[in-house]
Amino acid sequence: MLFRSASGVIARDAAPEALIKSVYAVMNGVLWVDRKILQSILCGVHEHSGVERSNGLQDLTPREKDIVRAVVMGQVNKEIAESLKISEYTVKHHLTRIFDKLRVANRVELAVFALTHGLADHTHPVPTIARPA
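A brief structural summary. In every chain, residue numbers begin from 1 and rise along the written sequence. Selection of residues for local features in this predicted model requires a pLDDT of at least 70, selection of side-chain atom pairs for listing and counting requires 80 or more, and totals for whole chains, interfaces and linings are taken over all residues. Side-chain measures here rest on the full set of heavy atoms in the structure, leaving out hydrogens and waters.

**Here's the deal with the pattern of salt bridges**
Salt bridges are counted wherever a side-chain nitrogen of Lys or Arg sits within 4 Å of a carboxyl oxygen of Asp or Glu. Enumeration over the complete set of coordinates arrives at three salt bridges. Between R97 and E64 there is a salt bridge, with the nearest N and O atoms lying 3.5 Å from each other. Remark: E64 occurs in helix α3 (residues 62-72) and R97 occurs in helix α5 (residues 88-102); sequence separation between them is 33 residues. Using a 1.4 Å probe on the protein chains alone, a residue whose accessible area is under 20% of its type maximum counts as buried, one over 50% counts as exposed, and one in between counts as partly exposed. The class of R97 is partly exposed, set by a relative accessible area of 39%. Since its relative accessible area comes to 1%, E64 is described here as buried. Each of E64, R97 and K101 takes part in salt bridges that share partners, so that together they form one network. Secondary structure follows DSSP: runs of H or I at least 4 residues long count as helices, runs of E at least 2 residues long count as strands, and numbering of each begins at the N terminus.

**A look at the environment of I80**
Structurally, I80 can be placed in helix α4 (residues 77-84). Residue I80 is classed as buried on the basis of its relative accessible area of 0%. Here I80 is in contact with I67, A70, V71, Q75, V91 and R107, once residues within four sequence places are set aside. Contact criterion: two residues are considered in contact whenever any of their non-hydrogen atoms come within 4.5 Å of each other.

**Thoughts on the nonpolar core**
Counting residues in each nonpolar core, the largest one holds 23 residues, and the members touching the most others are L95, I98, L102 and L110. For this core, the elements supplying multiple residues, two or more each, are α3, α4, α5 and α6 (107-116). Within this scheme, the nonpolar core is defined by two criteria: the residues are buried Ala, Val, Leu, Ile, Met, Phe, Trp, Tyr or Cys, and they are joined through side-chain atoms within 4.5 Å.

The structure is reproduced here in structure tokens:
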């Protein structure tokens, strides 16, 4: 039996425009989590975290913090590399170090952690995803 992980989660009552945007985002390699669902997750993290995770934010370099913010914005490695004028390999290396420092397993956990700990602004709009030709 083949198991695949989800690349996106969207609310059942999402507007058609949001559904289309999410499909294009996933097609472009972005992990998509609907804002309503992300807010619900964040509320759950605050309510059920009896022990605060050792922050680890103080260990992040300024460049790593830039990369975290870009991940929260939904940018893929290629977009991050282009905007920061570094290679995709370097972005991947930074992400590995960030995951280790913050003890998160993937980009979604990183985004939730960053939003929960004030590293990124959750009110910033999600970037427009270019539609494939």
